[in-house]
Amino acid sequence: MVDSIGAKPSVAGDRSVARIAAATPTTVVQTPVLPKQMSVEPESIALAKSMAASPPIDASRVAAIKKAIAAGTFPILPATIADRLMALRLDWNSNETA
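Residues numbered from 1 in each chain as written. Predicted model: local features only at pLDDT ≥ 70, side-chain atom pairs only at ≥ 80, totals over all residues. Heavy atoms only, no water.

A. Just the overall build of the protein, in detail. The helix and strand tally for the protein stands at three helices and zero strands. Helices and strands in the protein line up, N terminus first, as α-α-α. Among the 98 residues that make up the protein, the fraction classed as buried is 3%. Surface accessibility of the protein: about 10,000 Å² in total, with carbon and sulfur atoms responsible for 63%. (Helix = DSSP H or I, 4+ residues; strand = E, 2+ residues; numbered from the N terminus. Buried < 20%, exposed > 50% of the residue type's maximum accessible area, 1.4 Å probe, protein only. Areas by Shrake-Rupley, 256 points an atom, 1.4 Å probe, with all protein chains shown as cover.)

B. The environment of Phe-74, seen in detail. Along the chain, the position of Phe-74 falls in the loop between α2 (59–71) and α3 (78–90). With ten residues separating them in the primary sequence, Phe-74 and Ala-64 have C-alpha atoms 9.5 Å apart. Here Phe-74 is in contact with Ile-65, Ala-68 and Ile-69, once residues within four sequence places are set aside. (Contact = heavy atoms within 4.5 Å.)

C. Layout of a nonpolar patch on the surface. Taken together, the side chains of Ile-69, Phe-74, Ile-76, Ile-81, Leu-85 and Leu-88 make up a nonpolar region of the molecular surface, amounting to roughly 640 Å² of accessible area. Here the nonpolar patch gets three residues from one element, more than from any other, and that element is α3. Relative to the helices and strands, Leu-85 resides in helix α3. (Patch = residues over 30% accessible without salt bridge, like charges linked within 9 Å, V, L, I, M, F, W, Y side chains within 5 Å. Salt bridge = Lys/Arg side-chain N within 4 Å of Asp/Glu carboxyl O.)

D. Quick look at α3. Relative to the 18 Å expected for 13 residues at 1.5 Å per residue, α3 spans 18 Å between its end C-alpha atoms, a close match to the ideal helical length. In the stretch just after α3, Asp-91 is the one whose phi turns positive, near 55 degrees. (Expected span 1.5 Å × (residues − 1).)

E. Summary view of helix α1 (residues 42–53). The terminal C-alpha atoms of α1 lie 17 Å apart, and with twelve residues this matches the ideal 16 Å at 1.5 Å per residue to within 8%. With zero of twelve residues buried, α1 is to be regarded as a mostly surface element.

F. A look at the confidence of the model for the protein. With 54% of its residues at a pLDDT of 70 or more, the protein shows a mean pLDDT of 75. The spread of mean pLDDT over the elements of the protein runs between α1, the lowest at 85, and α2, the highest at 93. (pLDDT = per-residue confidence, 0-100.)

Okay, structure coming up:
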């Protein structure tokens, strides 16, 4: 004989099955999660504003490039230009250094 799946009687002749009390329903309590108030120093605000006011430019490098272009010695390498264009398009890092 095959035993059935489920609760088995505690005594051989007893066919009553002990009932398990139903779980009491629970309610989900949702507490709002608020972002922490960040204290920012006035110096850092002033620094951020001054940095955002103008793009980061290396004036000495710009001057060197302008001078090389004017003198006709600025290297034009088609492979490097193509590599950089592909890197920009595909959001990759280029392989060659300028």
